[in-house]
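Structural description and commentary
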Amino acid sequence: MLDLRRLRQDPAAVRESLARRMDLHALEQVDRVIELDARRRTMVAEVEALQAERNLQSDEVARRKRAKESADDLLGPLKESGERVRVLEADLRDVESMLEGHLLNVPNTILPDVPEGGVAHNVVVRNWGTPREFAFTPRPHWELGQALGLFDLPRGTKLTGSGFPLFTGMGARLVRGLASFMLDLHTTEHGYTEVQPPYLVNRASLTGTGQLPKFEEDLYHASVDDLFLIPTSEVPLTNMYRDEILDGAMLPITLTAYTPCFRREAGAHGKDTRGLIRVHQFDKVELVRLVRPEESTREHALLTGHAEAVLQRLEIPYRVLALAAGDTGFASACTFDLEVWAPGVDNWLEASSASTFEDFQARRANIRFRPTPGAKPEFVHTLNASGVAFPRTIIALLENGQQADGSVVLPAALVPYVGTDRLVPLA
RNA sequence: GGCGUGGUGGCAGAGCGGUUGAAUGCACCGGUCUUGAAAACCGGCGGGCCCGUGAGGGUCUCGUGAGUUCGAAUCUCACCCACGCCGCCA
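Residues numbered from 1 in each chain as written. Chains lettered and ligands numbered in written order. Predicted model: local features only at pLDDT ≥ 70, side-chain atom pairs only at ≥ 80, totals over all residues. Heavy atoms only, no water.

1. Description of the pairing of strand S10 (residues 334-342)
Heads up, the rule is: Partly exposed residues are those whose accessible area sits between 20% and 50% of the maximum for their type, while under 20% is buried and over 50% is exposed, using a 1.4 Å probe and protein chains only. Numbering goes from the N terminus for both helices and strands, where a helix is a DSSP run of H or I of at least four residues and a strand is a run of E of at least two. Each pair of strands is called paired provided DSSP finds at least two bridges between the two strands.
Here S10 lies mainly inside the structure; eight of its nine residues are buried. With five bridges joining them, strand S9 (residues 318-322) and S10 adopt antiparallel strand pairing. Bridging from a neighbouring strand, Tyr318 pairs with Val340 of S10. Two strands pair when backbone bridges link them, and S10 and strand S11 (residues 347-356) are joined in this way by nine bridges, in the antiparallel orientation. If you follow Thr335 over to S11, its bridge partner there is Ser355.

Structural data, given as structure tokens:
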């Protein structure tokens, strides 16, 4: 949520920043917000002036009653002005709810360093690792997975539908190993606190992080209880501190969680339907940081490094993309994507997205802190990154590690967790 | 699912329908004292919004929303949440 005062003070700067998203709708929303904000302030002044007058008269009634004097002459006018206040307040509430409705649909502003343009203008800021030279044509992960008995996608489809992968045997073991490996890395070496959160969350939580109200169609909904399956553990982790005022000494708060993620992927039908590239349910280890505003740029780099460390330990070649303004997510002010190299499908696949939201989520979720004891509360800055998403990591492990004999060599870091250095085809 | 109890400021915990934004204690901030610290003492101390360059002023807020009333933390209704017991179940 944007800061109304900032919008009021310098609407041109906000509009300019939003324009970089190349989202005309956002600009229209902002204009509505500016208009409603002005209306709201006029109405507030009016209601409050009337209330102030009423309060004085009401105090006079109280004073006279205490002095055992008659106050009957004041009661009539007070009753009447009470009705007027009631009406004005109802109008005010209407305007305020419209204002909030529009404001919640305005995306975050973009940071100055973010590249201009749309998806095509994302910038590769660095590469890590060197894609292997293959003496044979590398096979796609779905062939490898089937040959190695790691997953059974047709049966997963039978259980639920397409996009709900079923891992089996060493595949299931690999998933479990990856979870332990990543959590161990982040908790022992990067200092995160491990969390095991609920997988269903309420509307307030999803509004806090920005998935609602705009992206409801992307979420699985348990309608009887009006709860939603989490699309990422960013939602429960960030919302842990919703409506709180934190002690500045607690910051930065750094959290990690291993959870499944559920995404309807509405509008993505027919895209990347093969294998594990795009699925409705996947596991992910998430990293969330709540930090002091002045730290957020540095924290963003640190966070990105934590996600990169996972891929480095797994010896997976990857590249870091600075997303262009037009490709940056609704709530994000700046995002770096980590894309792993997948030789079998001959493509780079997003395995992590590291974003800084500045105070956008903190305003929605009302997460504040006191810079020093006794000081006025300020909004924290929130950041998060996948550290990292499983399916595409598994794709990269399989496709990069595959050997001519059909086996897959695992990176050394994973051996203690999976119990073998090599996955071999079923007999 | 049934019955019961309760939701007040960072925490604990008072609160007759009218100088109560809310006693008191703790915590916290500033000060006195001290070589320093502790203790003691003095003072301050919720949050949002609006107006104001500022000092400051106004308004709202005692789970949420409606209602009664000139006036509600205090009365009524609905909802939400927490806790306890029973039932069911991992």
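2. Details of the environment of Ala354
The condition that has to hold: The contact definition used throughout considers only heavy atoms, calling two residues in contact when any of these lie within 4.5 Å.
Tracing the sequence through the fold places Ala354 in strand S11. In this view, Ala354 contacts His300, Thr304, Cys334, Thr335, Phe336, Asn384 and Ala385; residues no more than four positions away in its chain are not counted.

3. Looking at the protein's contact with RNA strand B
Applicable threshold: Summary of the distance rule: residues count as near a molecule or strand when at least one heavy atom falls within 4 Å of that molecule or strand. What qualifies as a polar contact is a pair of N or O atoms within 3.5 Å, subject to a donor-acceptor requirement within protein and to the restriction that residues adjacent in sequence count only when both atoms come from side chains. Only Asp, Glu, Lys and Arg are considered charged in this grouping, and only Ala, Val, Leu, Ile, Met, Phe, Trp, Tyr, Cys and Pro are considered nonpolar; every other residue, Gly among them, is considered polar.
Looking at RNA strand B, there are 25 residues lining it, with Arg8, Arg40, Glu48, Lys79 and Arg368 nearest. Sugar plus phosphate: this is where 79% of the atoms of RNA strand B within 4 Å of the protein reside. The separation between a phosphate oxygen of RNA strand B and a polar side-chain atom of Arg41 is 3.1 Å. One of the side-chain N or O atoms of Asn55 is found 3.1 Å from a phosphate oxygen in RNA strand B. Counting residues per element, the ones that place at least two in the surface near RNA strand B are helix H1 (4-9), helix H3 (24-66), helix H4 (72-103) and strand S12 (367-370). Per-class residue counts for the surface near RNA strand B are eight nonpolar, three polar and 14 charged.

4. Topic: the nonpolar core
Selection rule: By nonpolar core is meant a set of buried Ala, Val, Leu, Ile, Met, Phe, Trp, Tyr and Cys residues that side-chain atoms within 4.5 Å join together.
Formed by 42 residues in total, the largest nonpolar core has its most connected members in Leu178 and Leu398. Counting residues per element, the ones that place at least two in this core are helix H5 (141-148), helix H7 (170-189), helix H10 (296-313), S9, S10, S11 and helix H12 (390-401). If you tally residues by element for this core, the top one is H7, at eight residues. When near neighbours in sequence (up to four residues on either side) are disregarded, Leu398 contacts His141, Leu144, Gly145, Leu148, Leu150, Phe151, Val408 and Leu423. Core analysis: the second largest hydrophobic core is formed by 26 residues, Leu2, Leu88, Val95 and Ala331 among them.

5. As for the confidence of the model for chain A
To keep things clear, this is the line we draw: Confidence of the predictor in every single residue is expressed as pLDDT, which spans 0 to 100.
Overall, the predicted model of chain A reaches an average pLDDT of 93, with 99% of residues at or above 70. The ipTM value of the predicted complex is 0.86, and its pTM value is 0.93.

6. Some details on the sheet that holds strand S3 (residues 200-201)
The pairing of strands in a sheet comes from backbone hydrogen bonds and takes either a parallel or an antiparallel form. Strand order in the open sheet formed by three strands is S3-S5-S4, with antiparallel pairing between adjacent strands. Looking at strand neighbours, the two that pair on one side only are S3 and strand S4 (221-222), the edges of this open sheet.

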